[in-house]
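# Observations on chain architecture
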Amino acid sequence: MTNKISFSFIVAVGFMLFALFFGAGNLIFPAMLGQSAGTNTWAANAGFVVTGVGLPLLGVIALGISGKSDLQSLASRVHPIFGIIFTVALYLSIGPLFAIPRTGTVSFEIGVKPFISEENSVLGLIIFTIIFFGITAYFSLKSSRIVDIVGKFLTPILLLFIAILIITAFFNPIGQFQAPTENYMNNAFFKGFQEGYLTMDALAAFVFGIIVINAVKEKGASTKKEIMTAVTKAGLIAAALIGIIYTSLSFIGASSVEGLGQLANGGAVLSGVSNHYFGSYGGILLSLIVCGACLTTSIGLITSCASYFSKLLPSISYNKFVIIFSVFSAGFANFGLNELIAISVPVLVAIYPLAICLMALTFLHPLFKGKKEVYQGSMLLTFIVALFDGLNAAGITIAPINDLFATTLPMYEVGLGWIAPAIVGGVLGYVFGLVTKSKSHSAKVEKYI
């Protein structure tokens with residue numbers, strides 16, 4: 001592989017993967033986590049890094065290990081119908097329904113809105129989203145050059161802007177860590193773990209992983225080992241960058257409370273910190289960081305979604321889907337950031353455990369020899385618990401079910417009650433598969449006696 005793919009290309013792919021993952025939420029959520037967690041920041045940040053860095057990396061590697069060309073093929077190990085439903089739901093979640101519109105809305109809220117009057121904000125958002133998604137569509141229509149555009153050009157610029165803010169904050173912190181808020185007083189690690197869901201990166205890993213795999217294949221990697229080696233190296237580069245930035249932003253948020261007080265959201269934290277260090281220039285610096293991060297993620301998501309749906313519905317071309325998703329996202333972005341986040345949380349709480357479970361089963365696939373019953377049993381019980389977690393997140397509580405789960409499922413109170421059912425379902429599926437196979441073999445024997 002080393003003869004086929006240069007180290008510089010691996011670095012470029014790693015930068016590309018970092019930029020695709022690193023969007024608006026990746027800036028906002030760790031900064032807010034630090035503000036809220038205070039003296040418990042490091043524990044909360046550790047949980048956030050698990051779901052915000054570890055799981056995306058594992059997702060990319062899992063896709064490479066599976067040998068599958070896309071998420072639908074991988075999810076079809078459960079059942080072909082499940083493969084389609086799960087893949088469509090995931091693409092819509094990280095695509096035109098939630099994540100893509102959020103890139104435009106956050107870019108405006110943090111990067112543009114502070115510079116215009118409140119009465120012009122509605123019109124400003126409309127104009128900005130048209131321009132933002134117009135640029136996204138332009139680059140997405142040139143998908144064959146995505147490594148060059150994102151990995152070699154946009155990412156270094158984005159890293160430079162982020163580095164300026166982080167280095168300044170480390171050498172001259174605003175203040176000392178303060179007491180944590182109520183949500184982070186106890187179980188800070190698990191609270192951070194759940195906050196990592198909001199980045200959507202573990203879901204996006206199944207999508208962006210395909211871009212990475214295709215990129216290394218085009219450079220000459222042909223065997224499974226060559227592909228896995230290249231993908232893992234690129235993934236580690238991206239994960240290292242994201243982990244360092246998450247931890248730095250958590251520190252910035254935690255150290256800002258003494259000087260800025262408790263703020264409403266991560267955007268306000270970053271804005272306040274930028275203004276503290278750089279005055280009016282701070283707003284400009286933050287605008288460049290946010291818009292750069294959001295644009296690279298938006299390009300990656302539009303490209304991936306258009307590629308998948310053009311294969312699912314061949315009658316509509318890739319270029320047409322790029323335009324459709326760009327226009328739809330521009331319109332949906334105008335509903336506002338708070339509304340988008342409120343709608344997305346219940347869906348993410350329900351779908352994330354399924355994605356994590358699928359990752360785990362992919363790594364364990366050789367151990368249980370790929371028995372479909374293991375996939376089906378594990379995913380079914382995971383879905384049942386995750387569904388009620390999603391309903392709870394939406395404010396729809398069914399007390400008897402919640403009480404039952406709380407008393408019988410370990411870690412249910414910290415949002416990880418689905419883990420035990422996932423394991424039990426996998427074991428039951430394995431046993432069922434053995435029994436079914438044994439009966440089938442006995443029937444065949446009796447037939448020939």
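What you see is a predicted model, and the numbers here were worked out from it, not measured in a lab. (Residues numbered from 1 in each chain as written. Predicted model: local features only at pLDDT ≥ 70, side-chain atom pairs only at ≥ 80, totals over all residues. Heavy atoms only, no water.)

Next up on the list: the overall build of the protein. In terms of helices and strands, the protein carries 18 helices and 0 strands. Its C-alpha radius of gyration of 23 Å places the protein within 12% of the 22 Å reference for a compact globule of 449 residues. Counting every position in the protein, which comprises 449 residues, the buried fraction comes to 53%. Pairs at least 24 apart in sequence give 81% of the contacts found in the protein among residues at least 6 apart. Surface accessibility of the protein: about 19,200 Å² in total, with carbon and sulfur atoms responsible for 68%. (Helix = DSSP H or I, 4+ residues; strand = E, 2+ residues; numbered from the N terminus. Rg over C-alpha atoms; globule rule 2.2 N^0.38 Å. Buried < 20%, exposed > 50% of the residue type's maximum accessible area, 1.4 Å probe, protein only. Contact = heavy atoms within 4.5 Å. Areas by Shrake-Rupley, 256 points an atom, 1.4 Å probe, with all protein chains shown as cover.)

This brings us to unusual backbone geometry. The phi angle of most residues is negative, glycine excepted, and most peptide bonds adopt the trans form. Backbone geometry places Lys 369, a non-glycine residue, at a positive phi of 55 degrees. Tracing the backbone shows Lys 369 in the loop between α15 (337-364) and α16 (372-393). Of note, the phi angle at Met 411 is positive, near 65 degrees, even though the residue is not glycine. Considering the arrangement of structural elements, one finds Met 411 in the loop between α17 (399-408) and α18 (419-448). A relative accessible area of 38% places Met 411 in the partly exposed class.

On to the packing of helix α7 (residues 121-140) against helix α13 (residues 280-312). Helix-helix packing is characterised by the crossing angle of the two axes and by the distance between the axes. At their nearest, the axes of α7 and α13 sit 9 Å apart, and the two run at 55 degrees to each other. Of the possible angle classes, the one that applies to α7 and α13 is oblique. In this structure, α7 meets α13 at a crossing whose hand is right-handed. Facing Phe 128, Phe 132, Phe 133, Ile 135, Thr 136, Phe 139 and Ser 140 of α7, the residues of α13 in contact are Cys 291, Cys 294, Leu 295, Ser 298, Ile 299, Ile 302 and Thr 303. Split by residue class, the contact of α7 with α13 holds 10 nonpolar, 4 polar and no charged. (Axes fitted to C-alpha atoms, helices over the stretch in contact; angles between N-to-C directions. Parallel < 35°, antiparallel > 145°, perpendicular 65-115°, else oblique. Left-handed = near helix turned anticlockwise from the far one by under 90°. Nonpolar A, V, L, I, M, F, W, Y, C, P; charged D, E, K, R; others polar.)

With respect to the element layout, Thr 362 can be found in helix α15. Here Leu 358 takes part through its backbone oxygen, which lies 2.7 Å from a polar atom of the side chain of Thr 362. Beyond its immediate sequence surroundings of up to four residues, Thr 362 is in contact with Ala 62, Ser 66, Leu 74, Arg 77 and Tyr 375. (Polar contact = N/O pair within 3.5 Å; in protein donor to acceptor, adjacent residues only side chain to side chain.)

We describe a pair of aromatic rings using the distance from one ring centre to the other and the angle between the two ring planes. The final tally for this structure, using the stated rule, is 26 aromatic pairs. Seen in terms of ring centroids, Phe 18 and Phe 22 are 5.2 Å apart; in terms of plane orientation they differ by 20 degrees. Their pairing is stacked. Across the pair, exposure class does not vary: Phe 18 and Phe 22 are buried alike. Pairwise contacts between aromatic rings join Tyr 91, Tyr 308, Phe 309, Phe 321 and Phe 325 into one cluster. (Phe/Tyr/Trp six-rings, centres within 6.5 Å; stacked < 30°, edge-to-face > 60°.)

A word on the pattern of salt bridges. For the structure shown, the criterion picks out 2 salt bridges. Glu 109 is the partner of Lys 113 in a salt bridge, and the nearest nitrogen-oxygen pair spans 3.8 Å. A residue is classified by how much of its surface remains accessible, and Lys 113, at 24% relative accessible area, is partly exposed. Here Lys 191 ties to Glu 195 by a salt bridge, and the two come within 3.6 Å at their closest N and O atoms. With Lys 191 and Glu 195 both in helix α9 (residues 188-195) and 4 residues apart, this pair spans about one turn of that helix. We classify Lys 191 as partly exposed; its relative accessible area is 24%. (Salt bridge = Lys/Arg side-chain N within 4 Å of Asp/Glu carboxyl O.)

If you look at the biggest cluster of nonpolar residues, it comprises 132 residues, and the most contacted ones within it are Phe 22, Phe 86, Leu 90, Ile 94, Phe 208 and Leu 358. No other element matches α13, which puts 14 residues into this core. Aside from chain neighbours lying at most four places away, what touches Leu 358 is Leu 71, Leu 74, Ala 75, Phe 86, Phe 206, Tyr 375 and Met 379. (Core = buried A, V, L, I, M, F, W, Y, C linked by side-chain atoms within 4.5 Å.)

On the secondary structure map, Phe 161 appears in helix α8 (residues 146-171). Taking the relative accessible area as the measure of exposure, Phe 161 reaches 19% and is therefore buried.

Glancing now at the packing of helix α3 (residues 41-66) against helix α11 (residues 224-260). Packing of α3 against α11 brings their axes to within 9 Å, and their N-to-C directions diverge by 165 degrees. The angle between α3 and α11 places the two elements in the roughly antiparallel class. Handedness of the α3/α11 crossing: right-handed. Of the residues assigned to the contact of α3 with α11, the class counts are 16 nonpolar, 9 polar and 1 charged.

On the surface, a nonpolar cluster with roughly 640 Å² of combined accessible area is contributed by Val 122, Leu 123, Ile 126, Ile 127, Ile 130, Ile 131 and Ile 135. Along the chain, Leu 123 turns up in helix α7. (Patch = residues over 30% accessible without salt bridge, like charges linked within 9 Å, V, L, I, M, F, W, Y side chains within 5 Å.)

Three or four residues apart is the spacing at which side chains of an α-helix point the same way, because the helix has 3.6 residues per turn. Compared with the 26 Å implied by 1.5 Å per residue over 18 residues, the 25 Å span of helix α10 (residues 201-218) between its first and last C-alpha is a close match. The first or second residue beyond α10 is Gly 220, which carries a positive phi of 120 degrees. (Expected span 1.5 Å × (residues − 1).)

Another aspect to go through is helix α1 (residues 7-21). Between its first and last C-alpha, α1 extends 21 Å over 15 residues, near the 21 Å set by a 1.5 Å rise per residue. Within α1, 11 of the 15 residues are buried, which leaves the element mostly enclosed by the surrounding structure. Residues Phe 9, Ile 10, Ala 12, Val 13, Gly 14, Met 16, Leu 17, Phe 18, Ala 19, Leu 20 and Phe 21 constitute the buried set of α1.

Before going further, it helps to spend a moment on the confidence of the model for the protein. Averaged over the protein, the pLDDT score is 87; the fraction of residues at 70 or greater is 93%. The lowest-confidence element of the protein is α8, averaging 74 in pLDDT; the highest-confidence one is α16, averaging 95. (pLDDT = per-residue confidence, 0-100.)

If you trace the backbone, Lys 233 turns up in helix α11. For the pair Lys 233 and Gly 243, spaced 10 residues apart in sequence, the C-alpha to C-alpha distance is 15 Å.

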